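A structural walkthrough
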Amino acid sequence: MPAPWIDISRPVQPGMAVWPGDPATRFERVQDLAKGDACTVTRLSMCVHAATHLDAPSHFLPDGKDMTAMPIETGIGRARVIGIENAKAVTAAELAGHGVRKGERLLFQTANSQRLAAPGPFAEDFVSIAEDAARYLAEKRVRLIGVDYLSVGGFHDDGAATHRILLEAGIWLLEGLDLSGLSPGPVELVCLPLRLVGTEGAPARAVARQLARRDRRA
Ligand SMILES: [Zn+2]
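Quick look at the structure, then. (Residues numbered from 1 in each chain as written. Predicted model: local features only at pLDDT ≥ 70, side-chain atom pairs only at ≥ 80, totals over all residues. Heavy atoms only, no water.)

1. Quick notes on the overall build of the protein chain
The condition that has to hold: Put simply, DSSP marks the helices as runs of H or I at least four residues long and the strands as runs of E at least two long, and each gets a number from the N terminus on. Each radius of gyration reported is based on C-alpha atoms, and the globular scaling rule is 2.2 Å times the count of residues to the power 0.38. Only protein chains enter the accessibility calculation, which uses a 1.4 Å probe; a residue is then buried when its area is under 20% of its type maximum, exposed when over 50%, and partly exposed in between. Any two residues having at least one pair of non-hydrogen atoms within 4.5 Å are treated as being in contact. Accessibility throughout is a Shrake-Rupley quantity obtained with a 1.4 Å probe, and a residue counts as covered only by protein chains that appear here. Only four residue types enter the tally: Lys and Arg on the positive side, Asp and Glu on the negative side, with His and both chain ends excluded. Every charge is mapped to an atom, namely NZ of Lys, CZ of Arg, CG of Asp or CD of Glu.
Per the secondary structure count, the protein chain includes four helices and 12 strands. The C-alpha atoms of the protein chain give 18 Å as radius of gyration, which agrees with the globular expectation for 218 residues (17 Å, within 12%). Seen through its C-alpha atoms, the protein chain measures out along the principal axes to roughly 60 × 45 × 30 Å. Per-residue burial over the protein chain gives 48% buried out of 218 residues. By sequence separation, contacts in the protein chain at least 24 residues apart represent 74% of the contacts at least 6 residues apart. For the protein chain, the computed accessible surface area is about 10,900 Å², with 53% contributed by carbon and sulfur atoms. Each charge sign in the protein chain was given a centre, from 25 positive and 26 negative side chains, and these centres are 7 Å apart.

2. Focus: the coordination of the zinc ion
Our working definition: Distances define the donors: N, O and S atoms within 2.8 Å of the metal qualify, as do those within 3.2 Å of Na, K or Ca. Water is excluded, so some sites may look unfinished. Only two sets of limits are used to name each site, 85 to 135 degrees for every angle of a tetrahedral four-donor site, and over 155 degrees for opposite donors with all other angles from 65 to 115 for a square planar four-donor or octahedral six-donor site, with any other site named irregular.
The coordination sphere of the zinc ion, as far as protein atoms go, consists of His 49 (ND1), His 53 (NE2), Asp 55 (OD) and Glu 175 (OE), spread over 2.0 to 2.4 Å. Classification of the site at the zinc ion as irregular follows from its four donor atoms and the range of 77 to 170° in their angles at the metal.

3. Things to note about the environment of Trp 19
Of note, Trp 19 is situated in the loop between strand E1 (6-7) and strand E2 (26-31). For Trp 19, the contacting residues outside a window of four places in its chain are Phe 122, Phe 126, Leu 150, Ser 151, Gly 153, Gly 154 and Phe 155.

4. What to know about helix H3 (residues 131-140)
Inspection of H3 places Ala 133, Ala 134, Tyr 136, Leu 137 and Ala 138 among the buried residues, and these make up the whole buried set. The secondary structure elements touched by the buried residues of H3 are strand E6 (89-90), helix H1 (92-95), strand E7 (105-109), strand E8 (128-129), strand E9 (144-147) and helix H4 (159-168).

5. Remarks on the pairing of strand E10 (residues 172-175)
Put simply, the rule is: A pair of strands is treated as paired once DSSP finds two or more bridges between them. Look down the strands so they point away from you; if going from the first strand over the helix to the second traces a clockwise path, that crossover is right-handed.
Side chains Trp 172 and Leu 174 of E10 all project onto a buried face; the interleaved residues Leu 173 and Glu 175 project onto the opposite face, where all are buried too. Bridge count for E9 against E10 is three bridges, and the pairing is parallel. Looking across to E10, one finds that Ile 145 is bridged to Leu 173. As for the winding sense of the linkage, the β-α-β connection from E9 through H4 to E10 is right-handed.

6. Points about the packing of H3 against H4
Note the following rule: Axis angles are defined between N-to-C directions and span 0 to 180 degrees, where every axis is a line fitted to C-alpha atoms and, for a helix, only to the segment in contact. For classification purposes, an angle smaller than 35 degrees is called roughly parallel, one larger than 145 roughly antiparallel, one from 65 to 115 roughly perpendicular, and anything else oblique. Classes in brief: Ala, Val, Leu, Ile, Met, Phe, Trp, Tyr, Cys and Pro nonpolar; Asp, Glu, Lys and Arg charged; the others, Gly included, polar.
For the pair H3 and H4, interaxial distance at closest approach is 9 Å and the crossing angle is 5°. With respect to their mutual orientation, H3 and H4 come out roughly parallel. Two secondary-structure elements touch here, H3 through Glu 131, Ala 134, Arg 135, Leu 137 and Ala 138 and H4 through Ala 161, Thr 162, Ile 165 and Leu 166. Broken down by class, the residue content of the contact of H3 with H4 amounts to six nonpolar, one polar and two charged.

Below, the structure is given as structure tokens:
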């Protein structure tokens with residue numbers, strides 16, 4: 001019996017935390033059965049970098065590709081949840097012990113998954129990917145990286161550098177995951193971003209299920 005699918009995307013709703021300065025998420029009833037209209041219709045207004053979403057190269061690279069360039073297989077297939085012990089950052093030193101391989105989809109389960117799984121205000125001190133780890137992952141040429149808060153890069157320091165290094169290496173970035181329901185080890189991932197044309201990111205639904213652990217290094 002395969003393990004059950006777990007929703008690892010975050011609910012999209014007004015009031016959810018967004019990156020400081022980004023527009024808030026709004027639902028607006030433009031027609032409403034309760035007000036005598038023939039049906040109910042909602043207008044959605046949100047930043048493409050809110051909740052669970054992907055970053056395309058054009059997010060930080062002037063000539064980078066947009067969301068339509070993402071191969072559909074990038075978000076579908078075997079992935080690996082790596083439990084990160086460092087409570088401040090994902091570092092190259094810690095990743096070096098995990099045998100990262102070319103083409104892998106890696107999901108970093110950090111302290112964010114426990115501390116920030118519940119809805120709350122934006123947390124500036126979330127665990128992010130340090131610049132040296134970004135270079136390490138770029139060198140390894142992984143396919144996709146998933147993180148359990150709104151950005152791969154930190155709020156105070158190397159946010160832009162981390163993004164640039166990873167995006168220049170052709171790595172797709174899956175941000176804003178809730179990985180609290182998974183254990184470190186192999187999983188099957190299905191993640192499909194909205195098919196937005198010309199944008200540098202897109203909201204996504206992501207689900208995963210645990211696979212039998214064959215690799216003890218996970
Ligand atoms: Zn983003």
